[in-house]
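Below, each chain spelled out in residue letters.
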Amino acid sequence: MSGWFSSKHLLVSIGFMLAVCLPALVLSTEGQAAAARPVRAATVSSRKLHIVTIKDMKYQVPTLTVEVGDTVEWKNEDIVSHTVTAVNKAFDSGTIRRGRSWKLVVKKRGTFAYTCTFHPNMKGVLIVR
Ligand SMILES: [Cu+2]
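Keep in mind that what you see is a predicted model, and the values were worked out from it rather than measured.

Calculation notes
- Every chain is numbered on its own, with residues counted from 1 as its sequence reads.
- Where totals are concerned, whole chains, interfaces and linings use all residues; where local detail is concerned, this predicted model gives features only for residues with pLDDT of at least 70, and gives and counts side-chain atom pairs only at 80 or more.
- Only DSSP runs of H or I with at least four residues qualify as helices, and only runs of E with at least two residues qualify as strands; both kinds are numbered from the N terminus onward.
- Buried, partly exposed and exposed are defined by the number of other C-beta atoms within 10 Å of a residue's own C-beta, namely 20 or more, between the two limits, and 12 or fewer respectively, with C-beta atoms placed from the backbone.
- By definition, residue pairs are in contact when their C-beta atoms, positioned from the backbone, come within 7 Å.
- Two strands form a pair only when DSSP identifies at least two bridges running between them.
- The term nonpolar core refers to a set of buried Ala, Val, Leu, Ile, Met, Phe, Trp, Tyr and Cys residues connected through C-beta atoms within 7 Å.
- The pLDDT score gives, residue by residue, the confidence of the prediction method on a 0 to 100 scale.

Asks: Where do I start with the overall build of the protein chain in this structure?
Replies: Across its full length, the protein chain carries one helix and eight strands. Along the protein chain, from the amino end to the carboxyl end, the secondary structure elements read α-β-β-β-β-β-β-β-β. In the protein chain, buried positions account for 16% of the 129 residues. A separation threshold of at least 6 residues defines the contact pool for the protein chain, and within that pool the share at least 24 residues apart is 45%.

Have a look at this one:
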């Protein structure tokens, strides 16, 4: 009688362990998947702001590499107006007066050569990964 009781007790114990541990295993797997999501979201939401100063008739960061979703701000710290105009017309700031700036939220991958329409010898490259 006591032997039957202990084997039943054992079965109950195993059943209890399965009931507790299996969902725990499933949950921990889901927990990892759930944990991975915020990390990816954080990567997406960590969109950067890149600043390119325009000074001495030059884009001070002539080649800039950014990621889709990032923002690039060109700050004109020169004494004359400039533009940031993509050679392929993908973007065009229009006139950026001295002391002013222009922001571009990058949406397309590619390599974009740009220039200043007033000073075609000014050259920059925006690489979007
Ligand atoms: Cu210019």
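Don't stop here, the text continues.
Asks: Would you mind going over the sheet that holds strand β1 (residues 49-55) with me for this structure?
Replies: Strand-to-strand pairing in sheets goes through backbone hydrogen bonds, with the strands running parallel or antiparallel. Read from one edge to the other, the open sheet built from four strands follows the order β2-β1-β4-β6, with strand pairing classed as mixed. Edge strands, defined here as strands with exactly one partner in the open sheet, are β2 (58-59) and β6 (101-105). Pairing of strand β4 (residues 71-76) with β6, which is carried by five bridges, proceeds in the antiparallel orientation. By the bridge assignment for β6, Glu 73 is matched with Lys 103.

Asks: I keep staring at the nonpolar core and nothing clicks. Help me out?
Replies: When a protein is soluble and globular, its nonpolar side chains tend to lie buried together. Membership of the largest hydrophobic core comes to 13 residues, with the highest contact counts inside it found for Val 72, Trp 74, Val 84, Trp 102, Leu 104, Tyr 114 and Leu 126. Those elements that place two or more of their residues in this core are β4, β6 and β7 (110-115). When sequence neighbours within four positions are dropped, the list of residues in contact with Trp 74 reads Val 52, Ile 54, Val 84, Ser 93, Ile 96, Ser 101 and Trp 102.

Asks: It is not clear to me how the sheet that holds strand β3 (residues 63-66) should be interpreted in this structure. Could you clarify?
Replies: One open sheet accounts for four strands, arranged β3-β8-β7-β5; its pairing is mixed. Edge positions in the sheet fall to β3 and β5 (85-86), since each has one partner strand and no second. Summarising the sheet, β7 and strand β8 (residues 123-128) pair through six bridges and their orientation is antiparallel. When the sheet's bridge partners are listed, Gly 110 is paired in β8 with Val 128.

Asks: Mind showing me how you'd approach the pairing of β1 here?
Replies: Successive side chains on a regular strand alternate, one facing one side of the sheet and the next facing the other. In terms of strand pairing, β1 meets β4 through six bridges, oriented parallel. Along β4, the bridge assignment pairs His 50 with Val 72. Relative to β2, β1 runs antiparallel, the two being bridged by two bridges. Directly across from Ile 54, in β2, lies its bridge partner Tyr 59. The turn joining β1 and β2, which pair antiparallel and follow one another in sequence, is formed by two residues; a positive phi near 55° is taken by Asp 56.

Asks: Any chance you could explain the confidence of the model for the protein chain here in plain terms?
Replies: The predicted coordinates ought not to be read in detail in places where the model reports low pLDDT. Of all residues in the protein chain, 64% attain a pLDDT of 70 or more, and the chain-wide mean is 79. Contacts for the low-pLDDT stretch residues 1-5, under 50 throughout, to residues beyond four places or in other chains number zero contacts.

Asks: Looking at this structure, how should I read the environment of Ile 96?
Replies: Note on placement: Ile 96 falls in the loop between β5 and β6. By the C-beta count within 10 Å, which is 19 here, Ile 96 ends up partly exposed. As a C-alpha pair, Ile 96 and Val 80 span 16 residues in sequence and 8.9 Å in three-dimensional space. With residues up to four places along the chain from it excluded, the contact list for Ile 96 reads Trp 74, Asn 76, Ser 81, His 82, Thr 83, Val 84, Ser 101 and Trp 102.

Asks: Looking at this structure, I do not really get the environment of Phe 112. What am I missing?
Replies: Positionally, Phe 112 belongs in strand β7. Sequence-wise, Phe 112 and Ile 127 are 15 residues apart; in three dimensions their C-alpha atoms are separated by 6.2 Å. Sequence-distant contacts of Phe 112, that is, excluding residues within four places in its chain, are made with Ala 86, Asn 88, Ala 90, Val 125 and Leu 126.

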